[in-house]
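# Structural overview for review
Here's the letter readout for the chains.
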Amino acid sequence: MTIHIYNSLKRSKEVFETIEPGRVKMYVCGPTVYDSCHIGHARSVIVFDVIYRYLTAVGYDVTYVRNFTDIDDKIINRSNELGVSPESLAEKYIDEFHFDMDGLNVLRPTLEPRATDHIDHIIRIIEILMNKEYAYAVDGDVFFSVDLFNGYGKLSGRKLEDMEAGARVEVDQRKKNPFDFVLWKASKPNEPFWDSPWGKGRPGWHIECSAMSEDYLGASFDIHGGGKDLIFPHHENEIAQSEAAFGKTYVKYWIHNGFVNINHEKMSKSLGNFLMIKDIVKEYHPEAVRLFLLSHHYRSPVDFTDQGIKNVAAGLDKIYALLERAEKYLGSLPDANSDYNKDVIPPTKDFRSLFSSAMNDDFNTAQGIGVLFDAVRNINRLLDQTNQTDDIENRQLIHNECLNIIKIGKILGLPSESPRTYFKQKKEKIINKESFDAETIEAMIQERQDARKAKDFNKADEIRDRLKSMNIEIEDRPEGTIWKVLS
RNA sequence: GGCGGCAUAGCCAAGUGGUAAGGCAACGGCCUGCAAAGCCGCUAUUCUCCAGUUCAAAUCUGGAUGCCGCCUCCA
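Everything in this summary refers to the structure shown in the same document. Just so it is clear, the model here is predicted, and its values are computed rather than measured.

Basis of the calculations
- Residues numbered from 1 in each chain as written.
- Chains lettered and ligands numbered in written order.
- Predicted model: local features only at pLDDT ≥ 70, side-chain atom pairs only at ≥ 80, totals over all residues.
- Heavy atoms only, no water.
- Phe/Tyr/Trp six-rings, centres within 6.5 Å; stacked < 30°, edge-to-face > 60°.
- Helix = DSSP H or I, 4+ residues; strand = E, 2+ residues; numbered from the N terminus.
- Buried < 20%, exposed > 50% of the residue type's maximum accessible area, 1.4 Å probe, protein only.
- Lys NZ or Arg CZ within 6 Å of the ring centre and 35° of its normal.
- Pairing = 2+ DSSP bridges.
- Axes fitted to C-alpha atoms, helices over the stretch in contact; angles between N-to-C directions.
- Contact = heavy atoms within 4.5 Å.
- Polar contact = N/O pair within 3.5 Å; in protein donor to acceptor, adjacent residues only side chain to side chain.
- Right-handed = clockwise from strand over helix to strand, strands pointing away.
- Parallel < 35°, antiparallel > 145°, perpendicular 65-115°, else oblique.
- Left-handed = near helix turned anticlockwise from the far one by under 90°.
- Nonpolar A, V, L, I, M, F, W, Y, C, P; charged D, E, K, R; others polar.

## With respect to the packing of aromatic side chains
Pairs of aromatic rings are described using the distance from one ring centre to the other and the angle between the two planes. Inspection of every chain in the model, using the stated rule, returns 16 aromatic pairs. Plain terms: the ring middles of tyrosine 27 and phenylalanine 221 are 6.4 Å apart, the flat faces sit at 55° to each other, and that makes the pair tilted. Note that tyrosine 27 is positioned in strand β3 (residues 23-28) and phenylalanine 221 in strand β9 (residues 221-227), a separation of 194 residues in sequence. A relative accessible area of 1% places phenylalanine 221 in the buried class. Three or more aromatic residues link up through ring pairs in this structure, and these residues are Tyr27, Phe221, Tyr250 and Trp254. The positively charged end of arginine 158 is found above the aromatic ring belonging to phenylalanine 232, 4.4 Å away from the centroid. In this arrangement the basic side chain of lysine 176 is found over the ring face of tyrosine 136, its NZ or CZ atom lying 4.2 Å from the centre.

## Things to note about the sheet that holds strand β7 (residues 181-186)
The antiparallel open sheet is built from 4 strands, whose spatial order is β5-β6-β7-β8. Two strands close off the open sheet at either side, each with one partner strand: β5 (135-138) and β8 (201-203). This sheet shows a mean twist of 25° between the axes of neighbouring strands, independent of strand direction. Running at roughly 125° to β7, helix α4 (residues 119-131) makes contact with β5, β6 (141-144), β7 and β8 of the sheet.

## Brief notes about the sheet that holds β9
Read across the sheet, 4 strands follow the order β4-β3-β9-β10 without closing on themselves; strand pairing throughout is parallel. Two strands in the sheet have a free side with no partner beyond their single neighbour: β4 (61-66) and β10 (251-257). The mean angle between the axes of side-by-side strands here comes to 20°, regardless of whether they run parallel or antiparallel. The sheet contact formed by β3 and β9 spans 3 bridges and is parallel. From the neighbouring strand, methionine 26 faces β9, where its bridge partner is isoleucine 223. Contacts between helix α1 (residues 39-57) and the sheet are confined to β3, β4, β9 and β10, with β4 contributing the most and set at about 165° to the helix.

## Remarks on the side chain of threonine 18
For threonine 18, the position within the fold is in the loop between β2 (12-15) and β3. Judged by relative accessible area, threonine 18 falls into the buried class, the value being 15%. Separated by 2.7 Å, the side chain of threonine 18 and the backbone oxygen of glutamate 20 make a polar contact. Look past the residues within four positions of threonine 18 in its chain and what remains in contact with it is Arg23, Val24, Tyr60, Asp222 and Lys252.

## Some points on the pairing of β9
Looking down a regular strand, the side chains alternate between one sheet face and the other. Counting buried residues in β9 gives 7 out of 7 residues, a clear majority hidden from the surface. Following the backbone out of β9, through helix α6 (residues 231-246) and into the adjacent parallel β10, one traces a crossover that is right-handed.

## Quick notes on the packing of helix α8 (residues 286-294) against helix α9 (residues 306-330)
Relative to each other, α8 and α9 sit at 110°, their axes nearing to 9 Å. Here α8 is positioned roughly perpendicular relative to α9, judged by the angle of their axes. The crossing of α8 and α9 is right-handed. In contact with Glu287, Ala288, Val289, Leu291 and Phe292 of α8, α9 contributes Gly308, Ile309, Val312, Ala313, Leu316 and Tyr320. Its residues placed into classes, the contact of α8 with α9 shows 9 nonpolar, 1 polar and 1 charged.

This is the structure in structure tokens:
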């Protein structure tokens, strides 16, 4: 089994070989905590959540670090606007981040360090850079001199001389090169500060990631991830700082996820079209959000539309309906950690290894989801045949095939609930939203059953139509009529 | 101005040299009182267009067109 990863640094897929056998050290840029999380945060976090889950599942000992940027201009500005301290603002949005991401069934990383807990370390790195003369101080600010770092631009594929500095923003005249960036920023009055050899101030944005990653993963580690937009300047600057300071290759594999558009438009402040996670999950099941995002390759852009997520929500129903059906047949669904029945005739298609093949090819979750649906159809087919061949072999085969789905589900983070819980939640959601209750629906179904018994099919169909207009669909199953909420 | 990406069925979306996964939707069939669900079948002789390389191209090369991103804080 070989994993191939698209490395932004090389602009090509490479064989994944860890620095230390069996261990993966991975760092992903987390949020700046000054506002609620939007669907774009969700994508990045979910993409790397799945990568983390997969690497763990195939046996690596993964140390996964995702930071919080809890000191920054945006935080200071927002806290001034609201009249609260930067610390409490950060605290509030860290809590909200956790709430949102837990809700999306995202696993917590191994470590979630905060910039403000690493100020000493940040200062130490800046001192190294000063001693090595990669950095220079002006009026309490400290800048990194990009001209002195050989290889500046290697990640983003830019050359300093080709870039149009100051095209959109005025250049600080104190910089030796317009692309020099700030390592340490002198504080203005009434701003939070820490003491440093260059006076009171706070860290620049990029240096914190160099400090925190070095602290927990060392000067050289395997995977660094984040959104595509971070390639320049953030990750470019991280490389410059870290490699200049420590003299080692900073990161082996750079992974960058694509953006989420909303109805064909980029999310932006001017359009006011930020879609917040907390709002999306009011409308859609969190796993529908996951399924939607993971149905696209992580490097491609994704266009978020109501129709798009409704379509995948229907697909999610299909998966859970299969699990419900299988659970009824088997008595209980297999546990994710349980073993396969070994006496079974090997199936024609090994969905588990097909899924792994997809994931091994640069974490192709979109293809993997295709395999998942293939597996669902396969089990439905087997269950259709159970009337003819309800023997122990068939049960074991279905058990094994369901176990595939559940093991795949552990990597994608969906399906992760019991079918009963899933459908129950859906029902509760519509009941809360609409002005009817379960009893009303049950009564209508009973009324229809009575009509059917009396062969009054006109009345029965009329009741069914009425339910349908309430967004309720019914299914007459051998064991009785059930109802469900339409997606 | 510099750098990069994308274009596959009605819609969404995999596929990066060997003859077009999967989902949603539609249609036909089985099942059903009728439905729904599920299954089966059908739905792109073809991958924006043009030229080229090759026994073989959606996949490689050149060109055209269209769309998008980054170069400023951004996931």
